[in-house]
Amino acid sequence: MPALRAYLTTAARRLVGARQLEQLVAAEPVLELVRELEGGTLLDAGSGSLGIADLLDDRWQVTAVDRAFDDDGAWVRPPRTRAHRVVADVCALPFPEGAFDVVVAIDLLDRLPPGRRGVALRELGRVARRRVIVSSPAGAAAIEADRRLLESLRRPPGWLVARVGAGLPYPADLEVPLRAWGLVRSFPSGSPDAHVRLARRELRAAWYVPTRLAARVLERGLRDDRPWARRVLRRLRGGDRPPGYRTVVVAEIAASRWDSSSSASAA
């Protein structure tokens, strides 16, 4: 039965589109921060089957890392993307220090046990040369939104049950481990109420095709960096005023880190 479900899910995704609106809503502010740097190497940590590689242009060389790329069995064979895929544990990344200009993690930390989140964040900082961008549901408002979403569904998906059971991080949980690498700033992304409304629709069978088709159009617009696509996605997430559903944390890697490394190498 699980194998049949995977084949049916794969067929449906290939027919109407694999992206969800919620994924694009989460990705839009992160992509804006990535594009500020105008190209380089990028690590997409916890990317799942799609990640952000195909939303960026050829100036970016993308490596995707995850423990699997089948979205918990939703794909029989994951779709191809521009990213070079590496199967690995985000808490023990198989890359040298400063291997990537930018390291991105979207909706990764909430999938990890609380005790491993700090380890993962330190690893993300270790392999970054210029910037780390982390976006995750975080804080009391996000916890309450997930609880409301869970209670509103007759058959909640396993990932939601697991997320509510494990608990979400708080913004400080995302910020503190990254301060070892440089200057850290954060901001809210999306309204908790807007998240609940959008997630409920995307989880209902009647909305499966309309929301996937809408995501298909918005995906093209976001890939081409169209202002209209960004405006629609910002409206869907209900603005970026506190308290937000997600917290976006940006760590600017200190130049002194590389100055000291260069000096040590020269010596």
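Here, the structure is the one placed above.
What counts, and at which threshold
- Residues numbered from 1 in each chain as written.
- Predicted model: local features only at pLDDT ≥ 70, side-chain atom pairs only at ≥ 80, totals over all residues.
- Heavy atoms only, no water.
- Axes fitted to C-alpha atoms, helices over the stretch in contact; angles between N-to-C directions.
- Helix = DSSP H or I, 4+ residues; strand = E, 2+ residues; numbered from the N terminus.
- Parallel < 35°, antiparallel > 145°, perpendicular 65-115°, else oblique.
- Left-handed = near helix turned anticlockwise from the far one by under 90°.
- Contact = heavy atoms within 4.5 Å.
- Phe/Tyr/Trp six-rings, centres within 6.5 Å; stacked < 30°, edge-to-face > 60°.
- Lys NZ or Arg CZ within 6 Å of the ring centre and 35° of its normal.
- Patch = residues over 30% accessible without salt bridge, like charges linked within 9 Å, V, L, I, M, F, W, Y side chains within 5 Å.
- Areas by Shrake-Rupley, 256 points an atom, 1.4 Å probe, with all protein chains shown as cover.
- Salt bridge = Lys/Arg side-chain N within 4 Å of Asp/Glu carboxyl O.
- Core = buried A, V, L, I, M, F, W, Y, C linked by side-chain atoms within 4.5 Å.
- Buried < 20%, exposed > 50% of the residue type's maximum accessible area, 1.4 Å probe, protein only.
- Pairing = 2+ DSSP bridges.
- Arc of directions from axis to C-beta.
- 1 Å grid on protein atoms, 1.4 Å probe; cavity = no way out; pocket = protein on both sides within 12 Å on 5 of 7 lines; lining within 4 Å.
- Points joined across faces, edges and corners; volume = space filled by probe spheres on them.

What follows concerns the packing of helix H2 (residues 21–35) against helix H9 (residues 227–236). Contact geometry of H2 with H9 gives a least axis separation of 9 Å together with a crossing angle of 120°. The pairing of H2 with H9 is recorded here as oblique in orientation. Crossing geometry of H2 relative to H9 is assigned as left-handed. Contact residues: Leu21, Leu24, Val25, Glu28 and Glu32 in H2; Arg230, Leu233, Arg234 and Leu236 in H9.

The subject of this paragraph is the packing of aromatic side chains. Per the counting criterion, the structure on display carries one aromatic pair. Judged by centre distance (5.0 Å) and plane angle (90°), the ring pair of Phe95 and Phe100 falls under edge-to-face. The positively charged end of Arg201 is found above the aromatic ring belonging to Trp207, 4.8 Å away from the centroid.

Here the focus is a nonpolar patch on the surface. On the surface, a cluster of nonpolar side chains totalling about 240 Å² of accessible area is made up of Val217, Trp228 and Val232. You can see Val217 is positioned in helix H8 (residues 208–223).

The next subject is the nonpolar core. Core analysis: the largest hydrophobic core is formed by 32 residues, its most contacted members being Val34, Leu42 and Val104. At the level of secondary structure, the elements contributing two or more residues to this core comprise H2, strand E2 (60–66), strand E4 (100–106), H8, H9 and strand E7 (246–253). With near-sequence residues (within four places) excluded, Leu42 lies in contact with Val34, Ile52, Leu56, Trp60, Gln61, Val62, Thr63, Phe100, Val102 and Val104. Ranked by size, the runner-up nonpolar core spans 29 residues in total, among them Leu43, Val90, Cys91 and Leu174.

Along the chain, Ala88 falls in the loop between strand E3 (84–87) and E4. Taking the C-alpha atoms as reference, Ala88 lies 5.6 Å from Asp66; in sequence the two are 22 residues apart.

So, about the sheet that holds strand E6 (residues 182–189). Read from one edge to the other, the open sheet built from seven strands follows the order E3-E2-E1-E4-E5-E7-E6, with strand pairing classed as mixed. Every other strand in the sheet has two partners, leaving E3 and E6 as the edge strands with one partner each. Ignoring strand direction, the axes of neighbouring strands in this sheet form an average angle of 20°. With four bridges joining them, strand E1 (residues 40–45) and E4 adopt parallel strand pairing. The partner of Asp44 across the bridge, within E4, is Val104.

With that settled, the discussion passes to the side chain of Arg237. With respect to the element layout, Arg237 can be found in the loop between H9 and E7. Apart from residues no more than four positions distant in its own chain, Arg237 is found in contact with Val25, Glu28, Pro29, Ser189, Gly190, Ser191 and Ala194.

Within the element layout of this structure, Glu144 appears in helix H4 (residues 140–152). Take Glu144: its relative accessible area is 33%, and that puts it in the partly exposed class. Sequence separation between Glu144 and Asp193 is 49 residues; the distance between their C-alpha atoms is 9.9 Å.

Attention now moves to H9. Helical geometry note: an α-helix holds 3.6 residues per turn, so side chains three or four residues apart project in the same direction. Residues of H9 that are buried include every one of Ala229, Arg230 and Leu233, and no others. Down the axis of H9, the buried side of the element spans an arc of 100°, and every buried residue falls inside it. Counted as exposed and oriented over 90 degrees from the buried face of H9: Arg231 and Arg235. Where H9 is buried, its residues touch H2 and H8.

With that settled, the discussion passes to empty space enclosed by the protein. Going through the model one piece at a time under the given rule, you end up with one cavity of 30 Å³ or more. Quantified by volume, the largest cavity comes out at close to 60 Å³. Contributing to the lining of the largest cavity are Glu22, Val25, Ser189, Gly190, Ser191, Ala194, His195, Leu198, Leu236, Arg237, Tyr245 and Arg246. Residue assignment for the lining of the largest cavity shows that the elements contributing at least two residues are H2 and helix H7 (192–202). The greatest single-element share of the lining of the largest cavity, amounting to three residues, is contributed by H7.

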